[in-house]
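Here are the chains, one letter per residue:
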Amino acid sequence: MKGGCMNERRLFLKNGLLAMAGTAVSIAALSKTPKAEAAAGAKKYAMIIDLNRCTGCQSCVIACKAQNKTVAKKFNTKLLITEDGNYPDSRVVFTPVLCNQCENPPCVTACPVKATFKLPNGIVVTDWDKCQGIGACVPACPYEARFLDTRYKGQSGGKVDKCDFCLNRLEQGLMPACVEACAASARLFGDINAPEGEFAEYLKRTDLVSRKANLKIKTSMKYVPNRHSRKGGSL
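Procedures and definitions
Residues numbered from 1 in each chain as written. Predicted model: local features only at pLDDT ≥ 70, side-chain atom pairs only at ≥ 80, totals over all residues. Heavy atoms only, no water. Phe/Tyr/Trp six-rings, centres within 6.5 Å; stacked < 30°, edge-to-face > 60°. Helix = DSSP H or I, 4+ residues; strand = E, 2+ residues; numbered from the N terminus. Lys NZ or Arg CZ within 6 Å of the ring centre and 35° of its normal. Pairing = 2+ DSSP bridges. Axes fitted to C-alpha atoms, helices over the stretch in contact; angles between N-to-C directions. Salt bridge = Lys/Arg side-chain N within 4 Å of Asp/Glu carboxyl O. Buried < 20%, exposed > 50% of the residue type's maximum accessible area, 1.4 Å probe, protein only.

**Notes on the packing of aromatic side chains**
Under the criterion given, the structure shown has three aromatic pairs. Look at Tyr45 and Phe189: their rings are 5.4 Å apart centre to centre, the planes differ by 15°, and that puts the pair in the stacked class. Taken together, the residues span a long stretch of sequence, with Tyr45 in strand β3 (residues 45-50) and Phe189 in strand β10 (residues 187-191) at a distance of 144 residues. Three or more aromatic residues joined by ring pairs form one cluster here, namely Tyr45, Phe165 and Phe189. Here Lys65 stacks its cationic end above the ring of Phe75, 4.5 Å away from the centre of that ring. Directly above the aromatic system of Tyr202 lies the positively charged group of Arg205, at a separation of 5.1 Å from the ring centroid.

The following block contains the structure:
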């Protein structure tokens, strides 16, 4: 089903070459180089979601689906809808979730064939040429951000997919589809080594938190807690 399902993003990863900081880097080489993250000149991408701005419109989910053409009923970004407080003193809280691009990704160590690894720019990717659909990385992710795309053949009947911050769009100088689609500007994205505009201002905030902070996992995904939440900023 390559013609109908494998979009430019998948071809981008499948070809085995990623242009980063003006240099073509081999996926195979990166996956075998322990110190790849120390590559000079590499950008470090991060995303911040301000839960006070999110209206729950799901434009991010729709844009992501259209961009990545994920398998039916699977999404690279989702919107969690929860109730905060108790009736009649309660309110609805929207929390967009996606791959957290961990500093030390549990999914990477879980993959027995080294098909998933982290790029110098901080983005965790999967080499679909290597992926055998074993699926060990799926339960290893504490954020439930990975899933099997069953449209592709593999040892367990698929290839593992997840958010990669729209890596192919970044290489074209574009923002991730979800960021571009967010009318409320709840998603802020950029290079933490050279931040600009509102993203740079948000990086200075002292209230940024990670999801499931109790796990003490360092991530490139941060949130501004809902100021009205009764949960003390926990996500």
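**A word on the sheet that holds β3**
The strands making up a sheet associate through backbone hydrogen bonding, with each pair oriented either parallel or antiparallel. In space, the three strands of this open sheet follow the order β10-β3-β11, with mixed pairing throughout. The sheet terminates laterally at β10 and β11 (221-224), the two strands that pair on one side only. Direction aside, the axes of adjacent strands within the sheet are offset by 20° on average. By the bridge criterion, four bridges tie β3 to β11 in an arrangement that is parallel. From the neighbouring strand, Ile48 faces β11, where its bridge partner is Lys222.

**Remarks on the pattern of salt bridges**
Charged atoms that come close allow side chains of opposite charge to pair. Within the structure shown, the criterion is met by six salt bridges. One salt bridge connects Lys204 with Glu201, and the closest N-O pair in it is separated by 3.3 Å. Judged by relative accessible area, which is 59%, Lys204 ranks as exposed. Judged by relative accessible area, which is 48%, Glu201 ranks as partly exposed. A salt bridge links Asp207 to Arg205; the shortest N-O distance between them is 2.8 Å. Arg205 sits in the partly exposed class, given a relative accessible area of 33%.

**Regarding unusual backbone geometry**
In this model, Gln101 sits at a positive phi of 50°, which is unusual for a non-glycine residue. Take Gln101: it is sitting in the loop between β5 (89-98) and α5 (106-110). Phi angles above zero are rare outside glycine, and Lys114 is one such case at about 55°. Looking at the secondary structure, you find Lys114 in the loop between α5 and β6 (116-118).

**Brief notes about the environment of Ala183**
Turning to its location among the elements, Ala183 is positioned in the loop between α8 (177-181) and β10. Note on Ala183: relative accessible area 75%, which makes it exposed. Along the primary structure Ala183 and Arg53 are separated by 130 residues, whereas in three dimensions their C-alpha atoms are 9.7 Å apart.

Interpretation note: all reported values are geometric properties and have no functional meaning in isolation.
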